[in-house]
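# Structure assessment
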Amino acid sequence: MRLGLMHGDGIGHEIVPATRQIVDAALSSVHAPPVEWVELPLGSTAIDTHGTPIPDETIDALGQLQGWILGPHDSASYPERFRGQLTPGGVIRKKFELFANIRPAAAFPGVKAMVPDMDLVIVRENTEGLYADRNMAVGSGEFMPTPDIALAVGVFTRAACERIARTAFALASRRRNHVTIVHKANVLTLTTGLFRDACRTVAAEYPHVVVDDEHVDAMAAHLVRRGGDFDVVVTENMFGDILSDLAGELSGSLGTAPSINASETQVMAQAAHGAAPDIAGKNRANPTALFLSSAMMLDWLGDARGDRLLSAAARRISDAVRTTIASGIATADLGGLASTSEFSEVVYAHTLRR
Ligand SMILES: NC(=O)C1=CN([C@@H]2O[C@H](COP(=O)(O)OP(=O)(O)OC[C@H]3O[C@@H](n4cnc5c(N)ncnc54)[C@H](O)[C@@H]3O)[C@@H](O)[C@H]2O)C=CC1
Ligand SMILES: CC(C)CC(=O)C(=O)O
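Thresholds applied
- Residues numbered from 1 in each chain as written.
- Chains lettered and ligands numbered in written order.
- Predicted model: local features only at pLDDT ≥ 70, side-chain atom pairs only at ≥ 80, totals over all residues.
- Heavy atoms only, no water.
- UniProt positions renumbered as here; feature names shortened; annotations may be inferred.
- Core = buried A, V, L, I, M, F, W, Y, C linked by side-chain atoms within 4.5 Å.
- Buried < 20%, exposed > 50% of the residue type's maximum accessible area, 1.4 Å probe, protein only.
- Helix = DSSP H or I, 4+ residues; strand = E, 2+ residues; numbered from the N terminus.
- Domains from an automatic or database assignment.
- Contact = heavy atoms within 4.5 Å.
- Near = heavy atom within 4 Å.
- Polar contact = N/O pair within 3.5 Å; in protein donor to acceptor, adjacent residues only side chain to side chain.
- Areas by Shrake-Rupley, 256 points an atom, 1.4 Å probe, with all protein chains shown as cover.
- Nonpolar A, V, L, I, M, F, W, Y, C, P; charged D, E, K, R; others polar.

The name recorded for the protein in an unreviewed UniProt entry is Putative 3-isopropylmalate dehydrogenase, from Rhodococcus erythropolis. Under the heading Sequence similarities (unreviewed entry), UniProt records this for the protein: "Belongs to the isocitrate and isopropylmalate dehydrogenases family."

Turning next to the nonpolar core. Grouped together as the largest cluster of nonpolar side chains are 70 residues, with contacts concentrated most on Val123, Val234 and Met297. Considering every element that reaches this core, the biggest residue donor is helix α9 (residues 288-305), with 10 residues. Counting residues domain by domain, this core receives three or more from each of domain 1 (1-97 + 258-354) and domain 2 (113-251). Ignoring anything within four residues of it in the chain, the contact list for Met297 reads Leu3, Gly67, Trp68, Ile69, Ile260, Val267 and Ala269. Formed by 16 residues, the second largest nonpolar core is a distinct cluster that contains Leu40, Leu62, Leu65 and Trp68.

Close contacts around ligand 2 come from His73, Thr87, Arg93, Arg103, Arg124, Asp241 and Ala272, and that covers them all. A distance of 3.0 Å separates an oxygen atom of ligand 2 from a polar side-chain atom of Arg103. Interatomic distance of 3.1 Å between a side-chain N/O atom of Arg124 and an oxygen atom of ligand 2. Taken by itself ligand 2 offers 280 Å² of open surface, and the protein chains cover 72% of this. Looking at the shell around ligand 2 residue by residue, the classes come out as 1 nonpolar, 2 polar and 4 charged.

Even without being a glycine, His31 presents a positive backbone phi close to 60°. Mapped onto the fold, His31 is located in the loop between α1 (12-29) and β2 (36-39). When its relative accessible area of 63% is taken as the criterion, His31 is described as exposed. Within the chain, Asn283 stands out as a residue other than glycine whose phi angle is a positive 60°. On the basis of relative accessibility, which here comes to 29%, the residue Asn283 falls in the partly exposed class.

Turning next to the domain arrangement of the protein. Taken domain by domain, the protein holds domain 1 (1-97 + 258-354) and domain 2 (113-251). Spacing between the C-alpha centres of domain 1 and domain 2 amounts to 24 Å.

Laid out in structure tokens, this is it:
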């Protein structure tokens, strides 16, 4: 199996190589064939070598792959000429229509979580909404008609809202049969109102699923006070981005918050967090989020290919992470003393253990 690999920026240079080793270990431990890794340029290093953070050769190569791992990028630090453009991750999401951003948040044994009974999945629409896109036909855009006025246009299409709703209801049907639609239809009546209504339309196809809906501001409060009450949360692009950081932190740390971005045919593993420039190069980052993102990717590929070994390898990784953290070994964000490499070595050993 060929899988793409992009380090990204900041802590990506620490957590991506560690993740590659864990994936290799997991596949070997279940006697699956090894991965043929396809390393691709992206981020600051690609600016130096190719003059752009997202070279055409990377996009072309991804078009030939079913799955890949994307390290976090530090687009806020790119030279001025790249600012205001879609970020590398955003370009990839839109180019390959990776419309479903699946972001679980569940507390681990051994972690002092602020909401210890949280076990939910945020299903985020990944191609529309308010996130800027100057270059593509479908998407949204910011512009300045004068130097003193900035405008942003959000795009919500019924087709994309119904598509992400189906993902959410199918997921809830395999979990606890509960979907919460998050919107802000009291103010953004037409746009997020369309999102809510399209989700409600799809809900009629899943009569066994309990549906409710919340305004995004109230939802933020509910997550803090009673985050254990939610199962699947479906929402638009920016609300999902924000709520998933909140849920990640409430259930452990941003460093434990995984995600995949998926279409019907391709999957990208990408942690929910960013490049963490404040701790980059210090061997302090928690690689858990990317480890678990890669496990989600293997699981997705296992389903898509009907290959149980890939799903078994995915379980190896998540079990190894849980065992490691439950044994009291954790990085600083979880209150532990382990460095990135010390933590990764223990997860690696547990992944290989038969
Ligand atoms: N998917 C992506 O590639 C994303 C990229 N970014 C980019 O990352 C850069 C920094 O953005 P910020 O807003 O500071 O968000 P961030 O997620 O990089 O960092 C926020 C805070 O969480 C901590 N943190 C994040 N990941 C961690 C980990 N694995 N282990 C331990 N602590 C961790 C950081 O140290 C920081 O204190 C920006 O250029 C931003 O655009 C931000 C979010 C997502
Ligand atoms: C493209 C990213 C920088 C947006 C983001 O924060 C995320 O998707 O997590």
